Amino acid sequence: MSTLNPYVNFRDEARAALEFYQSVLGGELTVSTFAEFGMNDMPESADLIMHGQLETPAGFTLMASDTPPSMTFDEGGRITISVSGREEDELRGYWDGLADGATVTMPLEKAPWGDSFGQLTDRFGVNWMFNIGSADSAE
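Below is a summary of the structure that appears in this document. (Residues numbered from 1 in each chain as written. Predicted model: local features only at pLDDT ≥ 70, side-chain atom pairs only at ≥ 80, totals over all residues. Heavy atoms only, no water.)

This part is about the overall build of the chain. Along its length, the chain carries two helices and eight strands. The secondary structure elements of the chain, listed N-terminal to C-terminal, are β-α-β-β-β-β-α-β-β-β. Over its C-alpha trace the chain gives a radius of gyration of 15 Å, about what one expects of a compact globule, namely 14 Å for 139 residues. With the principal axes as the frame, the chain shows a C-alpha extent of 35 × 35 × 30 Å. Within the chain, the fraction of its 139 residues that count as buried is 37%. Counting only contacts in the chain whose residues sit at least 6 apart along the sequence, the fraction spanning at least 24 positions is 54%. Only carbon and sulfur atoms are counted for the fraction: they give 54% of the accessible area of the chain, which is about 7900 Å². (Helix = DSSP H or I, 4+ residues; strand = E, 2+ residues; numbered from the N terminus. Rg over C-alpha atoms; globule rule 2.2 N^0.38 Å. Buried < 20%, exposed > 50% of the residue type's maximum accessible area, 1.4 Å probe, protein only. Contact = heavy atoms within 4.5 Å. Areas by Shrake-Rupley, 256 points an atom, 1.4 Å probe, with all protein chains shown as cover.)

Structure follows, in structure tokens:
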């Protein structure tokens, strides 16, 4: 089953924000830093959150990450819609449809964690990210 969730971007505050949201909403929080994903070419970002995910008892999933100093942080583009799942044909179809007239900021291709990942801004200025997990990934 595919999911659609909010994904919030921060500048150096993702950990604090996710911990705050966990204190309010409850649930299990998992975080991974840039260093944990082998992004050793960015020492200033080593301890920043590359991906954080809060799963709440109510069934909410909230994801977040830090924007490294080497990337532009757009305060107005702080929230992205995240689409994820293992249904590759279905999700690539959504990607292809949204990519029509969009600005692709990261092509949908194999990522360091083994899944296919891509990002785009659709023709209406809405940010989207896709993560297509392989059948053997934990997603």
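Evaluation of the coordinates by the stated rule reveals four aromatic pairs. Judged by centre distance (5.3 Å) and plane angle (70°), the rings of Trp-113 and Phe-117 are edge-to-face. What makes Trp-113 partly exposed here is its relative accessible area of 32%. (Phe/Tyr/Trp six-rings, centres within 6.5 Å; stacked < 30°, edge-to-face > 60°.)

Read across the sheet, eight strands follow the order 2-3-4-1-5-8-7-6 without closing on themselves; strand pairing throughout is mixed. With one partner strand each, in any of the chains shown, strand 2 (28–33) and strand 6 (103–110) form the two edges of the open sheet. Across the sheet, the axes of successive neighbouring strands diverge by a mean angle of 20°, strand direction being ignored. Summarising the sheet, strand 7 (residues 116–121) and strand 8 (residues 127–132) pair through six bridges and their orientation is antiparallel. If you follow Phe-117 over to strand 8, its bridge partner there is Asn-131. Packing against the sheet, helix 1 (residues 14–25) makes contact with strand 1 (3–10), strand 2, strand 3 (49–55) and strand 4 (61–66), and its axis sits at approximately 175° to strand 2. Contacts from helix 2 (residues 88–99) reach strand 5 (79–85), strand 6, strand 7 and strand 8, with the element oriented near 160° to strand 8. (Pairing = 2+ DSSP bridges. Axes fitted to C-alpha atoms, helices over the stretch in contact; angles between N-to-C directions.)

Further remarks concern the nonpolar core. Val-8, Phe-10, Ala-14, Ala-17, Leu-18, Ile-49, Leu-54, Leu-62 and Ala-64 form the largest nonpolar core, which has nine residues in total. Contributions of two or more residues to this core are made by strand 1, helix 1, strand 3 and strand 4. Of all the elements, helix 1 adds the most residues to this core, at three residues. Aside from chain neighbours lying at most four places away, what touches Ala-14 is Ile-49, Ser-65 and Asp-66. By size, the runner-up hydrophobic cluster in this structure holds eight residues, among which are Val-83, Leu-91, Leu-108 and Ile-132. (Core = buried A, V, L, I, M, F, W, Y, C linked by side-chain atoms within 4.5 Å.)

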